[in-house]
Amino acid sequence: MVLCDILEEHVDLHLEEHNFSEGGNVRDLELAQQLQTEEDERQRSEEEKREREEFKKLQRQYGLDNSGGFKQQFLKNMEREVDRGRMQPFEYHKRKAEMMESLASGIDDGKTKTSGVIEALCKYYQNENKDVRHVWLSSGVDHFHSSLGDRGWGCGYRNFQMLLSSLLQNSFYNDCLRDTTLTPSIPKIQSMIEDAWKEGFDPHGASHFNNRLHGSKAWIGACEIYSLLTSLRIKCQIIDFHKPTGPMGTHPRLFEWILRYYSTDNEGGAKVVCTSKPPIYLQHQGHSRTVVGIEEKKNKSLCLLLFDPGCSSQQMQKLLRQNSDGTGLRLLRKFVGSLKEKQYQIVAVDGVLSLEEKAARCRASQVLTSEKIP
């Protein structure tokens, strides 16, 4: 009997160990599941936080964060200049009054404008005998650079001012621009784009901005320029160079298209051709510039001439001096190897629209606005 008791006790101990082990496994599993759930929730929370921060960052980057627009930035930057001793209080109040007058009138104050550069280039090229075989220049264009009120976000508006300055000098566009006889300020341009949206142009693009630009620091691009020009009955087109067409990420087809734009109807033996063609709006990710001409070198290579809103008046005025060496042209020249963004878009003006053509383009813009170059 003693042996039986010992065996029974031994079996009972094994059963107890097994039950304890099973209970331990269940508790371990529950604990592991709880820890995994907590970790999943933590990661999900961090991901949502990152997404919110990234969204806010994008809003700030593209001026959609309700932090104010041109006026607020202008005043804030002037206050900073006064605090740093770079501006006297009387100058602050003088410039504030001028800015408020410009905003009230809707007319740009002209303080960032440089005129006469195209004419100076024409004279320079007449005497330049080095490596330029032909050069085609736009009709007269005023250069506008960014100011305290739009630094960091206003390039699209400044390039529109450049393009418009050329159209205002061309009587062919007088009828289209009879209500826009002077260069509008940036807030006025924002209101003009909103008016184009209200007419029905580019509803998809308008929704990206919640149908509001005025009072914001929102960046604009080729589609907004197209909508605004077309709403003014100015005939234009967007051409999309959506991928590189040359070695090392270059875009030779972009250069060839611009050459055809300027040289068509302007062919001949003349070395310098001052055309009646308006400049071209050139857009890439994060920045835009204005094409004012193109050089063809003696070795057949091409070089664009660009006005950049990032260049100051002081830099641009160097081009007005008759330096025989033409060193100032380095500001403007861009060779094929210099333009290596993944994509480029251009807006090119080519005449005026009838009211019927404008209405048709408005309907078309609700579906598609750009032509892609393969």
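Quick note: structure is the one above.
None of the values given here were measured: they were computed from a predicted structure.

Re unusual backbone geometry
Excluding glycine, a negative phi dihedral is what most residues carry, and trans is how most peptide bonds are arranged. Residue Asn211 is not a glycine yet carries a positive backbone phi of 60 degrees. Structurally, Asn211 can be placed in the loop between helix 7 (203–208) and helix 8 (222–231). In this structure, Lys300 is a non-glycine residue whose phi angle is positive, near 80 degrees. Its place among the elements puts Lys300 in the loop between strand 7 (287–297) and strand 8 (302–307). On the accessibility criterion, Lys300 (53% relative accessible area) is exposed.

Observations regarding the side chain of Lys358
Along the chain, Lys358 turns up in helix 11 (residues 355–365). Using a relative accessible area of 15% as the deciding quantity, one classes Lys358 as buried. The contacts of Lys358, once residues within four sequence positions are left out, are Glu199, Phe201, Thr230, Ser231, Arg233 and Leu353.

Brief notes about the side chain of Ser165
Along the chain, Ser165 falls in helix 5 (residues 155–168). On the basis of relative accessibility, which here comes to 3%, the residue Ser165 falls in the buried class. Residues in contact with Ser165, not counting those within four places in the same chain, are Gly140, Val141, Asp142 and Phe144.

What about the environment of Cys311?
You can see Cys311 is positioned in the loop between strand 8 and helix 10 (313–317). Here Cys311 falls in the buried class, since its relative accessible area comes to 10%. Distance in space between the C-alpha atoms of Cys311 and Ser146 is 8.3 Å, their sequence separation being 165 residues. Leaving out residues up to four positions away in the same chain, Cys311 has contacts with His143, His145, Met316 and Leu331.

What counts and what doesn't
Residues numbered from 1 in each chain as written. Predicted model: local features only at pLDDT ≥ 70, side-chain atom pairs only at ≥ 80, totals over all residues. Heavy atoms only, no water. Helix = DSSP H or I, 4+ residues; strand = E, 2+ residues; numbered from the N terminus. Buried < 20%, exposed > 50% of the residue type's maximum accessible area, 1.4 Å probe, protein only. Contact = heavy atoms within 4.5 Å.

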